[in-house]
Structures are given as C-alpha cells and as structure tokens.
Amino acid sequence: MTRKLISLCLLLAALTGCKETATYIESAGNIDCAIHKNTVSCWGDYTVERPEGGFETVDVSLKESYVKPRIAVGLGHVCVLDEGTVDCFLDNTFGQTEVPELVNPVDIAAGPKFTCALDQSEIVCWGDTEDLNSIPLPRTLSNPTRIVAGMSHVCALDDLGVACQGYNIFTDGDPNPPFAIQPGKITSSAGASATCGFEDQWYCWGEVSYPHPQGLEGFDVVIPSFEQACGIRNGKVECWGETPLNTEFLNDRITNPVALSVGFWGLCVIANQGVVCEERSGTVPDYLQ
C-alpha cells in the first residue's frame, strides 16, 4: 500500500505537486517559514537600505532539506539549527547571520535584527545586541531547554522557571515576569515587547497595553507580537491589542487550527487546509496549502 501511495504522489506531483503537512511555523515582518517533514520553506520579502540611498525590497524564496531542524525568523533573516550546527541566511546588515563559534547549541531564537542560540546552558547572541545587554540574566541557567526572543529581549526556560535578559520599555526595563511562574512552555516573536508562558493557563508579561478583554483561560496557544497578540481557543483564532487583525474571514476559511505564527502585520496558521496566512505580502507555496 505504501508503494502505491508513493507512486500516486509522484504522479500527482507532475500535475499539481504533492501536499506536505507543516508541523511548525514562524513569522516576522513579512517573512514566514514552515517546517514540513525534514524541510524548511520560507516565503515573503524584507526591506534593506541601499548604500547609495533609498530602500530595496528583497523577495524571499527558500526551501532546504535538513535532518531535524529548528528555525528562527527575524525581520530580514532566517536561521536554522540542525544536528548541532546553526546556519543563517538573507540580510546581514547588523551581522545577524554571522554565526559565532557555538558548542552543542540546542535551540535558537531571533529578534528583529539579532539571533540567539542556547549553547552549553548559556545564551549566545549576535547581530544588533545593544538592547540585549541592558539587563543581564538574573541568575545562572539550570538545564535550559528553550529560548524565545522578542523586540529587544530573550528569555530561557529551565528547571527553575523563566529567566530573561534585555530591555522592555513597558516594565521599567526589566523583561522578566513580575510574578512567580514555572511554565511548561513560553512564546514570543521578533516584533513583541511581551513574553507569554503556560502554567495551567496562559499568562503574559511585558507590553500590558493589549491584554485580552476576557482573559486567557482556555487558549491552546498564545503568541504576542507587535501591538497585538493572537491565540487559538475552541478551534478559532483570536487576536487582540492596539491594532489586532480581524480574524473573522480567516476563521471562515479554516478548520481545526493547531498552530499559528504572528508577524508584525499578519499571521499564519496550520489547519486542516494546510498553511493559511492572513494579510501577508508573500504567497504560501502550493505544496503547503
């Protein structure tokens, strides 16, 4: 049966292309990237300043095979961690794709113009890291397993909870949670001035000017971004904040959303229909729809 299905897929690929199911998605600015099987695909665009003046829009079209990749997406760059090696692509204006020497990195995260790796129980960052040095980590990390990055902060999840470094204008500079929390997972995004963590329900700290009006009970996932946050609850996508997306049209087009990513001006979800994006500049590849 397996051979027949593979043969059928190869036949259909000649006509329409075989569909592949994405398992993870991440967005920043107008760049979206998805992991499907052992492949990373990215699409969209980013803007760079020309040396002679003015700006240039660069289209992004990336599809590369790996073994077990993790991805980090910035405003104009993408990094992939695979088998202990980090490779970065696209814009390098601030050195955000110049990977330093790392020893056994286990996770990566990206801000707008910087990249960080979780390396030997330390956070190593490169690119535009000035704000990241404002407030150092409050303690030594203990068996960290995950890092996330925002606009000007990076947070690690370890055996003791959450520890953050960097800067957050909405919390007098300190990016660390103002309350005790020992979450099982944490989220942020390259445009976010907030971080969220899940411990029996979702809690967020940082930019508190856009809390959910009814609270965060019942959400499967919550991801903060630029002037908004979005989440999945009861099979629907919800966004709220200063300039939230209207998700009514998106929810009419999808069923069973299981994951989402939130950029500066749009979002993408993984649902029964494949990868579906709202208000994005790029087009999702056919094989992911």
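None of the values given here were measured: they were computed from a predicted structure.

1. Considerations on the overall build of the protein
In terms of regular secondary structure, the protein is built from 2 helices and 22 strands. On C-alpha atoms alone, the protein measures out to a radius of gyration of 19 Å, which is about the 19 Å that the 2.2 N^0.38 rule sets for 289 residues. Considered along the principal axes of its C-alpha atoms, the protein spans approximately 60 × 45 × 45 Å. Split into buried and exposed, the 289 residues of the protein put 52% on the buried side. Excluding contacts between residues fewer than 6 apart, the proportion of contacts in the protein whose partners are at least 24 apart in sequence is 45%. Positive and negative side-chain charges in the protein, numbering 16 and 38 respectively, have mean positions lying 13 Å apart.

2. Some thoughts on a nonpolar patch on the surface
Taken together, the side chains of Tyr-167, Ile-169 and Phe-170 present a nonpolar region at the surface, about 310 Å² in accessible area. Among the secondary structure elements, Ile-169 is positioned in the loop between strand 13 (161-166) and strand 14 (185-187). Ile-169 gets classed as exposed once you look at its relative accessible area, which sits at 61%.

3. Digging into the environment of Arg-280
Its location among the elements puts Arg-280 in the segment after strand 22 (274-278). For Arg-280, a relative accessible area of 14% puts it in the buried group. In this structure, the C-alpha to C-alpha distance between Arg-280 and Asp-131, residues 149 residues apart in sequence, is 28 Å. Dropping the residues within four chain positions of it, Arg-280 is found in contact with Ser-27, Gly-29, Asn-30, Ile-31, Asp-32, Gly-263, Trp-265, Gly-266, Leu-267 and Cys-268.

4. Let's talk about the sheet that holds strand 7 (residues 85-90)
Strand pairing in a sheet relies on backbone hydrogen bonds, with the paired strands running either antiparallel or parallel. With antiparallel pairing, 3 strands are arranged side by side in an open sheet as 5-6-7. The outermost strands of the open sheet, each flanked by one partner alone, are strand 5 (70-73) and strand 7. Taken over all neighbouring pairs, the strand axes of this sheet differ in orientation by 20° on average, direction set aside. Where strand 5 and strand 6 (residues 77-82) come together, 4 bridges link them in antiparallel fashion. Along strand 6, the bridge assignment pairs Arg-70 with Leu-81.

5. Describing the packing of aromatic side chains
Going through the model one piece at a time under the given rule, you end up with 6 aromatic pairs. Here the aromatic cluster, defined as three or more aromatic residues joined through ring pairs, consists of Phe-179, Tyr-203 and Trp-205. Sitting above the plane of the Tyr-287 ring, Lys-63 keeps its charged end 3.9 Å from the centroid. Between Lys-185 and the ring centre of Phe-198, over which it is positioned, the NZ or CZ distance is 5.2 Å.

6. Remarks on the pairing of strand 18 (residues 228-233)
Most of strand 18 sits out of view: 6 of its 6 residues are buried. Both faces of strand 18 are covered, namely the face carrying Gln-228, Cys-230 and Ile-232 and the face carrying Ala-229, Gly-231 and Arg-233. Where strand 17 (residues 219-225) lies against strand 18, 6 bridges are found, and the strand directions are antiparallel. The residue of strand 18 that forms the bridge with Ile-223 is Cys-230.

The rules behind these values
- Residues numbered from 1 in each chain as written.
- Predicted model: local features only at pLDDT ≥ 70, side-chain atom pairs only at ≥ 80, totals over all residues.
- Heavy atoms only, no water.
- Helix = DSSP H or I, 4+ residues; strand = E, 2+ residues; numbered from the N terminus.
- Rg over C-alpha atoms; globule rule 2.2 N^0.38 Å.
- Buried < 20%, exposed > 50% of the residue type's maximum accessible area, 1.4 Å probe, protein only.
- Contact = heavy atoms within 4.5 Å.
- Lys, Arg positive; Asp, Glu negative; His and termini not counted.
- Charge placed at Lys NZ, Arg CZ, Asp CG, Glu CD.
- Patch = residues over 30% accessible without salt bridge, like charges linked within 9 Å, V, L, I, M, F, W, Y side chains within 5 Å.
- Areas by Shrake-Rupley, 256 points an atom, 1.4 Å probe, with all protein chains shown as cover.
- Salt bridge = Lys/Arg side-chain N within 4 Å of Asp/Glu carboxyl O.
- Pairing = 2+ DSSP bridges.
- Axes fitted to C-alpha atoms, helices over the stretch in contact; angles between N-to-C directions.
- Phe/Tyr/Trp six-rings, centres within 6.5 Å; stacked < 30°, edge-to-face > 60°.
- Lys NZ or Arg CZ within 6 Å of the ring centre and 35° of its normal.

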